Every structure is written in structure tokens, then in C-alpha cells.
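Given next are the chains, with one letter for each unit.
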Amino acid sequence: MLTAHSRIIVKHAGTLDKYLGDAVMAFWGAPVACENSVEKAVAAAIEMNATCVKLSEELKRQGLPELKLRIGVNYGEVIVGHLGSDILFDYTCIGDAVNQAARLESANRLYGSDLLIGQAVYEQLNDNSHFTLIDKVVLKGKSQAINIYCYFESRRHQQILAQAFSAYCDRDWQKAHTNYQSLYSEPELMVLCKLFLERIKEYKRQELPASWRGESYLDNK
């Protein structure tokens, strides 16, 4: 799988950074500048996800454990170069945007999702029609909430989830509950819907601040 994903990244003009266990880190725009780097990064992520789904289905037919992929894509300024010490150094990138990408990747566990992008990526995409706002989070160490968008193939899922989250942010708990509940039986959405159904149950018992607009705190690193 690392080989297949590495080839997809290179195909879309990405720079392979490093392998971290069973994970791969990549970035775009250095050492050679490339146009439409956000589009290429997201295209690579979508293709990687599709490749994993196809392989997972084949493994399932063979009675083997399925694969689960988690991808986080972010956009922002970073420091790129040969970093390290006089004993060991690598060509890599560091910065807050890199940290946020890692936290988006990890956040997939919370939502049961495969591919999440940050607000900056969503705003840069020419075609973001397959991405839907699913949450507003304050990342660990930050004070401002950012929007998190998830990739969906199903337009029906997108429409219902958009309505659900809008109602959730408006504190229309009944409408939000109805919409999330309607998708709860969908295997790929069960984790996400359960999360919000539990939040709604909890928030209905609380006196939320007047300034609350749907944001939650994300403590993962």
C-alpha cells in the first residue's frame, strides 16, 4: 500500500517526505514550485482513498481484514529545507500548517471518516463540491475554531449532513437529531452520527454560551 500511495503522490507532483510506520507524509510546492498545488494534493488524496477502498473490498471478498485509510490535507506557510543536526538531517517541512494536517488525519478516528481537509484547503479548491462541512473545532493549543470538511461521494449524504450540522449550529436540536438519526444506519456514517447524537443529548441539558456557534474542542495531537 505504501508503494501504491507513493506512486500516486509522485504522479500528482507531490514530494515524498517520509514514512512514519504505516503512514506517509508528503507536501507540494517544493523543492520545485508547482501550479495548483492544492488541487493536486487533494486529487492525490482522493485517488489514494479510492485505491484503498478497492483493495479493502478485495480483501473482504477473500475473508481477510479490511483496510482503513485516514488522510488529512492542510494548506499554509511552512519552513522547507534540510533540517536537523550535523549528525543527521533530512529535506522536510515543518510548521503550524504541518501540525494541523497531522491533527486532521488523526481526527478521522473521531468521525469515522477517511479524508478530511482544513478550511484553508476548502477555500483554495476550484471544485469543492464533494466536501461538506461536518464540524467546527478548536485544535489543541489554539483559540480560534476552524471548519473541518469531509469528502463524500454521495450527494444525498452531503445534503442531509449539511442540513443536520446547520441545525446543530442553530441549536435546533430536534431537526439536527432527526437528520443525524436518519443516516445512523449507514455503516460509513454511524460513527459521525453517533458523535453528534451524543453531543445533542448532552447540549440539550446544558446552558451553552450565547457566543456558541457549533464549535468543539479537539484534544488530539
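Here is what the cut-offs are and how they apply
Residues numbered from 1 in each chain as written. Predicted model: local features only at pLDDT ≥ 70, side-chain atom pairs only at ≥ 80, totals over all residues. Heavy atoms only, no water. Pairing = 2+ DSSP bridges. Helix = DSSP H or I, 4+ residues; strand = E, 2+ residues; numbered from the N terminus. Axes fitted to C-alpha atoms, helices over the stretch in contact; angles between N-to-C directions. Parallel < 35°, antiparallel > 145°, perpendicular 65-115°, else oblique. Left-handed = near helix turned anticlockwise from the far one by under 90°. Contact = heavy atoms within 4.5 Å. Nonpolar A, V, L, I, M, F, W, Y, C, P; charged D, E, K, R; others polar. 1 Å grid on protein atoms, 1.4 Å probe; cavity = no way out; pocket = protein on both sides within 12 Å on 5 of 7 lines; lining within 4 Å. Points joined across faces, edges and corners; volume = space filled by probe spheres on them. Salt bridge = Lys/Arg side-chain N within 4 Å of Asp/Glu carboxyl O. Buried < 20%, exposed > 50% of the residue type's maximum accessible area, 1.4 Å probe, protein only. Phe/Tyr/Trp six-rings, centres within 6.5 Å; stacked < 30°, edge-to-face > 60°. Polar contact = N/O pair within 3.5 Å; in protein donor to acceptor, adjacent residues only side chain to side chain.

A.B. asks: Mind showing me how you'd approach the sheet that holds strand β3 (residues 71-73) here?
C.D. replies: Backbone hydrogen bonds are what pair the strands of a sheet, in a parallel or an antiparallel way. The mixed open sheet is built from 5 strands, whose spatial order is β3-β6-β8-β7-β9. Where the open sheet ends on each side, the last strands, each with one partner, are β3 and β9 (215-218). In this sheet, neighbouring strand axes are inclined to one another by 35° on average, regardless of whether the strands run parallel or antiparallel. The pairing of β3 with strand β6 (residues 115-118) spans 3 bridges and is classified as parallel.

A.B. asks: What is the right way to read the packing of helix α5 (residues 155-169) against helix α6 (residues 173-183) from this model?
C.D. replies: Packed helices, taken two at a time, are described by the angle between their axes plus the distance between the axes. Contact geometry for α5 and α6: axes closest at 7 Å, N-to-C directions at 155°. What the angle tells us is that α5 and α6 run roughly antiparallel. Here α5 and α6 pass one another in a crossing that is left-handed. Contacts between α5 and α6 involve Arg 156, His 157, Ile 160, Leu 161, Gln 163, Ala 164, Phe 165, Ala 167 and Tyr 168 from the former and Trp 173, Lys 175, Ala 176, Asn 179, Tyr 180, Ser 182 and Leu 183 from the latter. Taken together, the residues that form the contact of α5 with α6 break down as 10 nonpolar, 4 polar and 2 charged.

A.B. asks: Even after reading the chapter, I still don't get the layout of surface pockets, so can you show me in this structure?
C.D. replies: One water molecule sets the probe size; rolling that probe over the atoms shows where empty space is left. The space that makes up the largest pocket amounts to roughly 1200 Å³. If you go around the largest pocket, you meet 41 residues; those closest to its centre are Val 24, Met 25, Ala 26, Gly 72 and Ala 101. Elements represented by at least two residues in the lining of the largest pocket include exactly α1 (2-11), β2 (23-27), α2 (37-61), β3, β5 (89-94) and α3 (96-111). Per-element tally for the lining of the largest pocket: the top contributor is α2, with 7 residues. Split into classes, the residues belonging to the lining of the largest pocket amount to 29 nonpolar, 7 polar and 5 charged.

A.B. asks: Before we go on, may I ask you to explain the pattern of salt bridges in this structure?
C.D. replies: Any two side chains of opposite charge can pair, so long as their charged atoms come close to each other. Throughout the structure, instances matching the rule amount to 8 salt bridges. Residue Glu 47 pairs with Lys 11 through a salt bridge whose shortest N-O separation is 3.1 Å. Within this pair, whereas Glu 47 is found in helix α2, its partner Lys 11 is found in helix α1, the two being separated by 36 residues in sequence. Judged by its relative accessible area of 56%, Lys 11 is exposed. Here Lys 18 ties to Asp 17 by a salt bridge, and the two come within 3.0 Å at their closest N and O atoms. You can call Lys 18 partly exposed: its relative accessible area is 30%.

A.B. asks: Mind showing me how you'd approach the packing of aromatic side chains here?
C.D. replies: Aromatic ring pairs are defined here through the distance separating the ring centres and the angle between the ring planes. For the structure shown, the criterion picks out 13 aromatic pairs. Residues Tyr 168 and Tyr 203 carry aromatic rings whose centres are separated by 6.2 Å and whose planes lie at 35° to one another, so their mutual orientation is tilted. Note that Tyr 168 is positioned in helix α5 and Tyr 203 in helix α7 (residues 190-203), a separation of 35 residues in sequence. Plain terms: the ring middles of Tyr 168 and Trp 212 are 5.4 Å apart, the flat faces sit at 75° to each other, and that makes the pair edge-to-face. Residue Tyr 168 is found in helix α5, and its partner Trp 212 is found in the loop between α7 and β9; the two are separated by 44 residues along the sequence. Judged by its relative accessible area of 6%, Trp 212 is buried.

A.B. asks: Honestly, the side chain of Gln 158 in this entry has me stumped. Any pointers?
C.D. replies: Checked against the element boundaries, Gln 158 lands in helix α5. By relative accessible area, which is 7% here, Gln 158 ends up buried. One polar contact links Gln 158 to Arg 155, side chain to side chain, over a distance of 3.2 Å. Apart from the residues lying within four places of it in its own chain, the contact partners of Gln 158 are Ser 129, His 130, Phe 131, Thr 132 and Phe 152.

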